Amino acid sequence: MSKLLFLVILLSANAQRLQYSSDNRSIRDGIEINYLDDVAEPQSELSYRLPNNTRPEIYFINLDFGDFHLDDLDFSGNALISIEILEDTNTITLHSSVELLETSLTMFNDIGSTWEEIEHRYELDLTREFLIITTAETLTRGNFVRINFTYHGTIGTEIKGFFRGSYLHNENERRYFVATHMQPTFFRRICPSYDEPQFKAFYTISVIYNPPYEFALSNSPAEFTKIEINNRTRTLFEQTSTIMPTYLIALAITDFESNSNTTSNGVKFTAYSRPEQIQNTEFALDTAIKALGLYEKAFEIEYELEKLDQVALPVFNRGGMENYGIVFYHEDYMLYEPSVTTAFDKEFAAATIVHEICHKFFGNLLTPQWWSVVWLSEGFCRFYEYYMTEKIYPTMRMEELFAVEAAQNIMYRDSSLTTRPMTWYVESPSAVAGLFDGIAYSKSASVIRMFLYSLSEETFHKGLKIYLSKLTSNPQGVAVPEHLYDALQMAVDEDEALPENYKLAELFGSWEKQAGYPYVYVERSYNDYRIRFTQNRFTDDVVDGVVWDSLWHIPITYTSKANPTFETKPKFWMSQRQMEITLDDVKLNSYFMVNVQQTGYYRVQYDEANWMLIANELSHGDFSVFSPNSRAMLIDDAAVFFENKILKVRIFLELIKYLEHDRFLRVLLERIFNAFGAEEVENEPHYHKHIRNIAINWACQAHLDSCISETRFKFNDVKEGTRIGFSNDHETALFCNGILKGGETEFNFMWNLYTNSFVATRRTFYLNSIGCIENEEILTRFIHSILESNDIDNSNEEWLTIVQATYANGPIGLRVALQFLREKYDPFIDLLVRLDRLSSLNSIFRGIANRINTETLSRQFRELLVIYEIDDATLNDVNETTTVNLAWLATYSDDIQEFLDDFFRIRSFSTTTTISYFMIIFGLGFNWIMQN
Ligand SMILES: [Zn+2]
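- Named according to an unreviewed UniProt entry, the protein is Aminopeptidase originating from Clunio marinus.

This is the structure we're talking about:
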């Protein structure tokens, strides 16, 4: 559903990765996993599943709302459900979490042509949200019964069932709307029902509501909307033209405006938004119409409803929801305003719309039988949101972005020991909600993509056509993975797309049923053409010698110097732990690369010699022989292996050296900085602020002219008094970077702000900003102020702030701080004694130790440790830190130093921050590589 900005995804992936290393060991791997055969079978004593002894045929639902814009959030409901008895029984079990009135429940039995009341009682099971109806006489198989409910419900504040949202009209008038969100288990909050995806039924819905609302929307078109007594409005919707699961039912009561377009097939597309945004709905209409056309053509199935509404909700907790015939979006993901919407946002909107339209086929038409296989819906639509958006907007290069946005991101998480398989059986509502995770979406999409390219796009789509059209033989329109495998197998057999005796269910099943994913270790014999492949599960804490039981059927594709190719059809399938083959189409002294275009959901580790051959080709050969996806994969795999200490840093650095040739980092940073600018935009999504901050910091630290000059310009505006200040979100970044190249004037200005402020946090802020100035003379004056100035408030530890801000400045500040400590030993110690702060010396020395990155600095630092008589514990710590830092640097000091100096001039150098920096920049870099 929702599609987050790739930057955020990659950044958080990085953060998560760092966390994982300290994660507790897993619990889930030891538990027996329930596979598809068990889908319909309850697992625990307390089953949350409905029995299969009855099924709903049609719902007639009337809902009556109060003045919800005046905070009356109650509604009353009346529902009549026609139910077929599938087995002789005395009980009917439904879901319900509305307030039922006992007297309002009646039941009839079809005897001949009359309906008669049947004696019954009901009970509620609050834990399972069950409504269990017990009848005095046995209901017999093949009969239909009708149950009538009258009940009360509430419009919630959470986005579950009915919810109320609002927006500001003309900047002064608060207007309200009511909409729904049912997936996965919230329909029971608006009506007693069979609230499981397999129980599809027809619906006839009507709603009554008060002025000022003039119309309501639902899955079907309105049959009529008319004013009734007391000036109340009633809308009756046509009976749904097809069966639907409860989670796809939707309602909205709004004062939105609309914009329509009818396709050549006669499907009416309408976009709804609040009045001031209606001119920005054209993009959503256009994209949805094009997407539907492409899907219809690819699957040779026509969309079966007569209308498709898209509603832009000002309040919604996800990107979109694919309700049948009426898709709800958060308006940020649907509206497009040229010249205001950024290119990034346009991509999100396009991909979200294409994703939701995909659900018309995967999910709506063919519904996962139970939530454990929700990947049959979300995995396909996550895949197609890239694949089909690429076809509509080729310049977005979405298909290439898949590997870095979806696949690599989920690989980080899927290497956790607590990851789950694609199919994962659970029952309770809270466990079901947890199934809408990266495994259901991105991992499943990655596996689907792997099979599409392994079988060929043509064969795969042929299989999908069979799969979707099998609906005719499956009147309930629900699917389990076996349906998919059978259909794909038919296409495979027809096209001979797999080697003889290869069963698709077995191949695909190895990815669906097992948690995690493999890495393939490729060892070459450089005397002859033998290559040994070994597979093992990849976890984020690879331990040498640990071999997991899991085995996958891995499609092996490769390219080599002798035979460069972008071909994604596997050369062979690897099913065993280890195999050795002779490949005489590979030259002995040149690179060999596996997993072309990263279409396979696995990592590849090579022997050192081959990594060096790849690195050499990237740096000194023609790196375009590797597709953008492959380049991104090589760096991602290498970064992960390096982080897990199974790849030497020397090789890793060799590999990334080519990035410098591209000057890619600077260009990348510039692109991001220019896209987001230094100025806050009104009403922008929150993550924009987040990214802007990162962009400002990085671009300025890379000394990009545009960043330095723009932040300086803004800083000057503040200095000259032509603007009051900066928004809280960006103040730190703008002050620090605006002052970076500053001198005397800038220092005096900030010092004045500092001395004239009486707010402790502001004063600390100004001091830290001054510490950003990259000017030796100024910094010297700054640190000396702790001994010489009367302005410093030492009750607020401002002397310490100044010392820290100085040494954290970067190479210049570090030099200045060391010099100060050496030359001003006596007065400095006097100050600390006076303040009773001698103990702070330890933290200062620890802080400096982290930043020591040359032998010269290290020597000066060790001399200071002696002079200051640092205690043994601290001494051990700082010695260890500097030793590790220097050892790390010694391995590749020239490369790394040059790299850092040229591109970042990182202020606070330490091994860990440098590695993180690398990771983050690579994350960003991937996207850039994609686009070039
Ligand atoms: Zn979805």
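1. Examining the coordination of the zinc ion
Step number 1: Donor atoms from the polypeptide that coordinate the zinc ion comprise His-355 (NE2), His-359 (NE2) and Glu-378 (OE), at 2.0 to 2.1 Å from the metal.
Step number 2: In the primary structure, the donors to the zinc ion are separated according to the pattern H-x3-H-x18-E. Highlighted residues: His-355 in helix α3 (residues 343-358) and Glu-378 in helix α4 (residues 375-392), separated in sequence by 23 residues.

2. A word on the side chain of Arg-763
Step number 1: Its location among the elements puts Arg-763 in helix α19 (residues 760-770).
Step number 2: Among the polar contacts made by the side chain of Arg-763, one reaches the main-chain carbonyl oxygen of Tyr-754 at a distance of 3.2 Å.
Step number 3: With residues near it in sequence (within four places) discarded, Arg-763 still touches Tyr-754, Thr-755, Ser-757, Asp-791, Ile-792, Asp-793 and Glu-798.

3. Some remarks on the pattern of salt bridges
Step number 1: Within this structure, the stated rule accounts for 40 salt bridges.
Step number 2: Between Arg-232 and Asp-64 there is a salt bridge, with the nearest N and O atoms lying 2.8 Å from each other. Taken as a pair, Arg-232 in the loop between β14 (222-227) and β15 (233-237) and Asp-64 in strand β1 (residues 54-65) lie far apart in primary sequence, 168 residues in all.
Step number 3: Across the pair Glu-228 and Arg-234 runs a salt bridge, and its minimum N-O distance is 3.5 Å.
Step number 4: According to the relative accessible area criterion, Glu-228 is partly exposed, its value standing at 28%.
Step number 5: Look at the salt bridges and you will find they share partners, linking Glu-523, Asp-528, Arg-530, Arg-532 and Glu-580 into a network.

4. So, the environment of Thr-419
Step number 1: The residue Thr-419 is located in the loop between α5 (398-414) and α6 (429-433) in this model.
Step number 2: Overall, Thr-419 belongs to the buried group, its relative accessible area being 8%.
Step number 3: Each C-alpha atom of the pair Thr-419 and Thr-539 lies 9.8 Å from the other, and the pair is 120 residues apart in sequence.
Step number 4: Within the structure, Thr-419 has its side chain in polar contact with the side chain of Asp-414 (distance 2.5 Å).

5. Section: the sheet that holds strand β17 (residues 257-262)
Step number 1: Here we have five strands laid out as an open sheet, ordered β17-β18-β19-β21-β20, and mixed in their pairing. Each edge of the sheet is formed by a strand with only one pairing partner; in this case those strands are β17 and β20 (320-321).
Step number 2: In terms of strand pairing, β17 meets strand β18 (residues 268-273) through six bridges, oriented antiparallel. Each residue of the ladder has a partner; that of Glu-257, found in β18, is Ser-273.
Step number 3: Most of the contacts of helix α2 (residues 282-299) go to β18, to which it runs at about 150°, and overall it touches β17, β18 and β19 (307-313).

6. Re unusual backbone geometry
Step number 1: The residue after Gln-183, namely Pro-184, is reached through a cis peptide bond having omega -5°.
Step number 2: Relative to the helices and strands, Pro-184 is located in the loop between β11 (173-181) and β12 (202-209).
Step number 3: For the bond from Pro-211 to Pro-212, the omega torsion is 10°, close enough to zero to count as cis.
Step number 4: With respect to the secondary-structure elements, Pro-212 resides in the loop between β12 and β13 (215-218).
Step number 5: Residue Glu-129 is not a glycine yet carries a positive backbone phi of 55°.
Step number 6: The residue Glu-129 is located in the loop between β7 (120-125) and β8 (130-139) in this model.
Step number 7: The backbone phi angle of Asn-501 is positive, close to 70°, even though this residue is not glycine.
Step number 8: For Asn-501, the location among the structural elements is in the loop between α9 (481-495) and α10 (504-512).
Step number 9: For Asn-501, a relative accessible area of 70% translates into the label exposed.

7. Side note on the state of the cysteines
Step number 1: The tally for this structure, following the rule as stated, stands at two disulfides.
Step number 2: Residue Cys-358 pairs covalently with Cys-381 via a disulfide, S to S 2.2 Å. Looking along the S-S bond of the Cys-358-Cys-381 disulfide, the torsion reads about -85°, which is the left-handed sense. Here the residue Cys-358 occupies a position in helix α3, and Cys-381 occupies one in helix α4, the gap between them amounting to 23 residues. Both residues of the pair, Cys-358 and Cys-381, count as buried.
Step number 3: In this model Cys-736 forms its disulfide with Cys-772; the gap between the sulfur atoms is 1.9 Å.

Reading the values: the criteria
- Residues numbered from 1 in each chain as written.
- Predicted model: local features only at pLDDT ≥ 70, side-chain atom pairs only at ≥ 80, totals over all residues.
- Heavy atoms only, no water.
- Donors = N, O, S within 2.8 Å, 3.2 Å for Na, K, Ca; no water.
- Helix = DSSP H or I, 4+ residues; strand = E, 2+ residues; numbered from the N terminus.
- Polar contact = N/O pair within 3.5 Å; in protein donor to acceptor, adjacent residues only side chain to side chain.
- Contact = heavy atoms within 4.5 Å.
- Salt bridge = Lys/Arg side-chain N within 4 Å of Asp/Glu carboxyl O.
- Buried < 20%, exposed > 50% of the residue type's maximum accessible area, 1.4 Å probe, protein only.
- Pairing = 2+ DSSP bridges.
- Axes fitted to C-alpha atoms, helices over the stretch in contact; angles between N-to-C directions.
- Disulfide = S-S within 2.5 Å.

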